[in-house]
Amino acid sequence: MNITTIKEKIKSFNKKTLAGISLGAAVALLVAGYVVFSKQEGHAAAPKSEAPVSVSAYVVEPRAIESVVTAAGALTSRNTSVLSSKVMGRISYLGVQEGDHVSAGKLLIRIESGEIAAQAFQAQAAYNNAKLQYDRIKGLYDAKASTQMEMDQATLGLETAKAGLNAAKSMESYTAITAPITGQIMEKRINLGEMAMPGQPLLKIEDNLNLRLEVTVREQDILHIQPGAAVNVQIDAMPGKQIHGKVAMVVPASDVRTHSFVVKVDVPAAKGLITGMYGKAFFPTGKREAILVPRSAVVEMSGISGVYVVSTEGNAVFQMIQSGEAIGNDIEVVSGLKKGDRVIADKHLGRIEGKKVLLAEKN
């Protein structure tokens, strides 16, 4: 019974009943009802005690880890060849398309040039004539029937014709373009039947079995990197895959604007690796101390990374952190934690801000 009910019952009494009840009795009835109501309200408003949440926690201790310099870059080929035309002529043969694999020495393009063909024919005829003249004079000279001057002129004529023939053949060889390296056709810039001009790039070939990651390193880190050093490489297109490379070269010239150096890392051939892919190289530089927490301990709250720590009162408190590198199953904490903090590792607990916790600590 609450105070409202008591008032309504009092109002429902008729005047005769109210007249027969003394003022003191009415007051006593009201007081009794209020006491009962107050006890009921007080019982309903009493907070319910929640059981502590059982959690596992890590005591934060700095640990010695490998210090690493991270640099990003793109995959390139160690051997790249851009084939250009040295003569003018029509493309009469085109034996490859983009993406084709070719071997060194394979005929890729043939250029048809009537002028070069005519020059080669004339040079061959001139050489044949000079050879006949030389042989005739040589026979007479041996028989003492020709002079030394005639022999010298015949020899000079033969050598001149031979030089002309070699030049014509060399020019004719430019009409046949072969692959200088084994690799893959990455670009094709001309089609069958089109005219090729001197100096015009026609094809680009890359050796896709010998790859190199070219990264940019800050000048303050370059002294830690030496040619021949082992390097771990990760390619963005292959998350989780670790590739073991080797420093091939530190380009001995920096970019004056960015104060950085280019480092070339040889990468072994692997299925799926293509030039142009982006990746990172991790150069070890020695040991350093760092604070690490399990990945499971890191939570996101309103877009902010943090962890739950246990307060001195035994409550879970959200602590914002600045995370660093991922090292195995742990994450480095750059700021936000200190030695001795107790970090709750059970990410599956969800929102436990302010709740009492029961610890099962482990290091």
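This report concerns the structure included in the present document. If you're wondering where the values come from, they're calculated on a predicted model, not measured in any experiment.

**Regarding the pattern of salt bridges**
Stage number 1. Following the criterion strictly, the structure yields 14 salt bridges and no others.
Stage number 2. Of the charged contacts in the structure, one is a salt bridge between Asp330 and Arg63, with a shortest N-O distance of 3.3 Å. On the criterion of sequence distance, the pair formed by Asp330 in strand β20 (residues 330-335) and Arg63 in strand β2 (residues 63-77) is long-range, its members being 267 residues apart.
Stage number 3. A residue is classified by how much of its surface remains accessible, and Asp330, at 17% relative accessible area, is buried.
Stage number 4. Through salt bridges with shared partners, a single network forms among Arg78, Arg212 and Asp266.

**Topic: the sheet that holds strand β10 (residues 201-206)**
As a general point, the strands of a sheet are linked pairwise by backbone hydrogen bonds and lie either parallel or antiparallel.
Stage number 1. The 4 strands lie next to each other as β3-β10-β8-β5, forming an open sheet whose pairing is antiparallel. Edge positions in the open sheet fall to β3 (80-84) and β5 (101-102), since each of these has one partner strand only.
Stage number 2. Two strands pair when backbone bridges link them, and β5 and strand β8 (residues 183-188) are joined in this way by 2 bridges, in the antiparallel orientation. Bridge pairing links Val102 to Gly183 in β8.

**Quick word on the environment of Ser146**
Stage number 1. Tracing the chain through its elements places Ser146 in the loop between α4 (114-142) and α5 (148-173).
Stage number 2. Residues Ser146 and Arg136, 10 residues apart in the sequence, show an inter-C-alpha distance of 9.9 Å.
Stage number 3. In contact with Ser146, not counting residues within four places along its chain, are Ile137, Leu140 and Tyr141.
Stage number 4. In this structure the side chain of Ser146 is engaged in a polar contact, spanning 3.5 Å, whose partner is the backbone oxygen of Ile137.

**Things to note about the nonpolar core**
Stage number 1. Among the nonpolar cores identified, the biggest contains 23 residues, and Val217, Val263 and Phe283 are the most heavily contacted of them.
Stage number 2. At the level of secondary structure, the elements contributing two or more residues to this core comprise β2, β11 (211-218), β12 (230-235), β13 (243-255), β14 (260-267) and β15 (278-294).
Stage number 3. Those residues in contact with Val263 that sit more than four places away from it in its chain are Leu213, Glu214, Val215, Val217, Ile222, Ile225, Val247, Met249, Val250 and Phe283.
Stage number 4. Within the second largest apolar cluster, 18 residues are counted, among which are Leu94, Ile109, Ala196 and Ile205.

**Let's talk about the sheet that holds strand β6 (residues 107-112)**
Stage number 1. Pairing in this open sheet of 4 strands is antiparallel, and the strands run β7-β6-β4-β9 from one edge to the other. In the strand order of this sheet, the two ends are held by β7 (176-178) and β9 (195-196), each with one partner.
Stage number 2. Sheet analysis places β6 next to β7, joined by 3 bridges and oriented antiparallel. If you follow Ile109 over to β7, its bridge partner there is Ile177.

**Observations concerning α5**
Two residues of an α-helix separated by three or four positions point the same way, owing to the 3.6 residues in each turn.
Stage number 1. Counted at 1.5 Å a residue, the expected span for α5 with its 26 residues is 38 Å, and the 37 Å between its end C-alpha atoms agrees.
Stage number 2. Regarding α5, the residues found buried are Met151, Ala154, Leu158, Ala161, Leu165 and Ala168.
Stage number 3. Contacts made by the buried residues of α5 are with α4.

**So, the packing of α4 against α5**
Stage number 1. The interhelical angle for the contact between α4 and α5, taken along N-to-C directions, is 160°, at an axis separation of 8 Å. Our classification of the angle between α4 and α5 gives roughly antiparallel. Judged by the twist between their axes, the crossing of α4 over α5 is left-handed.
Stage number 2. Considering only residue class, the contact of α4 with α5 consists of 16 nonpolar, 7 polar and 6 charged.

**A closer look at the side chain of Thr275**
Stage number 1. Within the fold, Thr275 resides in the loop between β14 and β15.
Stage number 2. At a separation of 2.6 Å, a polar atom in the side chain of Thr275 contacts the side chain of Glu206.
Stage number 3. Ignoring anything within four residues of it in the chain, the contact list for Thr275 reads Leu75, Thr76, Ser77, Met186, Glu206 and Leu211.

**A look at unusual backbone geometry**
The bulk of non-glycine residues show a negative phi, and the bulk of peptide bonds are trans.
Stage number 1. Phi at Lys144 takes a positive value of approximately 65°, unusual for a residue other than glycine.
Stage number 2. Checked against the element boundaries, Lys144 lands in the loop between α4 and α5.
Stage number 3. We note that His259 has phi near 55°; this positive angle belongs to a residue other than glycine.
Stage number 4. Structurally, the position occupied by His259 is in the loop between β13 and β14.
Stage number 5. We classify His259 as partly exposed; its relative accessible area is 42%.

How each quantity is defined
- Residues numbered from 1 in each chain as written.
- Predicted model: local features only at pLDDT ≥ 70, side-chain atom pairs only at ≥ 80, totals over all residues.
- Heavy atoms only, no water.
- Salt bridge = Lys/Arg side-chain N within 4 Å of Asp/Glu carboxyl O.
- Helix = DSSP H or I, 4+ residues; strand = E, 2+ residues; numbered from the N terminus.
- Buried < 20%, exposed > 50% of the residue type's maximum accessible area, 1.4 Å probe, protein only.
- Pairing = 2+ DSSP bridges.
- Contact = heavy atoms within 4.5 Å.
- Polar contact = N/O pair within 3.5 Å; in protein donor to acceptor, adjacent residues only side chain to side chain.
- Core = buried A, V, L, I, M, F, W, Y, C linked by side-chain atoms within 4.5 Å.
- Expected span 1.5 Å × (residues − 1).
- Axes fitted to C-alpha atoms, helices over the stretch in contact; angles between N-to-C directions.
- Parallel < 35°, antiparallel > 145°, perpendicular 65-115°, else oblique.
- Left-handed = near helix turned anticlockwise from the far one by under 90°.
- Nonpolar A, V, L, I, M, F, W, Y, C, P; charged D, E, K, R; others polar.

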